[in-house]
Amino acid sequence: GYYTYTAEEVQRAVTNVGIVHLEEFNIREHLQDIFIDPPEIDGVMRRIGPIADVVGTRWKDLARHIGTDEAAITATEERCPDPVSCCTEILTNWRRDKGRDATERALDEALMATGLKTVAKNVK
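All residue numbers refer to position in the chain's written sequence, counted from 1. Restriction of local features to residues with pLDDT of at least 70 applies here, the model being predicted, together with a cutoff of 80 or more for giving and counting side-chain atom pairs; totals for whole chains, interfaces and linings are based on all residues. Working from all heavy atoms in the structure, the side-chain values ignore hydrogens and water.

Novice: Describe the side chain of R47, and please don't skip the residues or the numbers.
Specialist: Here R47 is to be found in helix α3 (residues 38-55). When checking whether two residues touch, look at their non-hydrogen atoms; a contact exists if any pair is within 4.5 Å. Every residue in contact with R47, bar those within four places of it in the chain, is listed here: E104, L107, D108, L111, V119, A120, V123 and K124. Strands here are runs of E lasting at least two residues and helices are runs of H or I lasting at least four, both read from the DSSP assignment and numbered beginning at the N terminus.

Put into structure tokens, the structure is as follows:
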């Protein structure tokens, strides 16, 4: 189904991507790049914290399975104080960067490929 966005949500989204004047922006052309279906965002975002809590030191393997490059993994490791923070940051960035492709199914597939099938099945 479709989700109706409020004017405030549209303004906030275009501001977040660096567009100052709406009249300079072709909304119809770019809406799919700005918004992800809200139920899917909620599902992925809701699971990031609980997944990060149990992935532990396997966060790097998970990062590789979601397509994070080694430079980003190294930078995250240097910046974050512990594995939970690292995993949270990697998954949050993945969701942001992949947009509509950052689905719960994709997350579950990456978890299973990492050998974390139990996490994929139980952390919903």
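Now, onward.
Novice: Tell me about the environment of V55, and please be specific about residues and values.
Specialist: Positionally, V55 belongs in helix α3. Here the alpha-carbon distance between V55 and P83, two residues 28 residues apart in the chain, equals 8.2 Å. Residues in contact with V55, not counting those within four places in the same chain, are L62, C87, L111 and L116.

Novice: Tell me about the nonpolar core, residues and numbers included.
Specialist: In this structure, I51, V55, L62, L91 and L111 are the most contacted members of the largest nonpolar core, which totals 24 residues. Of all the secondary structure elements, the ones that give two or more residues to this core are α3, α4 (59-65), α6 (83-98), α7 (104-113) and α8 (117-122). In this structure L91 touches I48, I51, L62, I66 and L107, once residues within four positions along its chain are discounted. In plain words, nonpolar cores are sets of buried Ala, Val, Leu, Ile, Met, Phe, Trp, Tyr and Cys residues tied together by side-chain atoms within 4.5 Å. To sort residues, take the accessible area from a 1.4 Å probe on protein chains only and compare it with the maximum for the residue type: under 20% means buried, over 50% means exposed, and anything in between is partly exposed.

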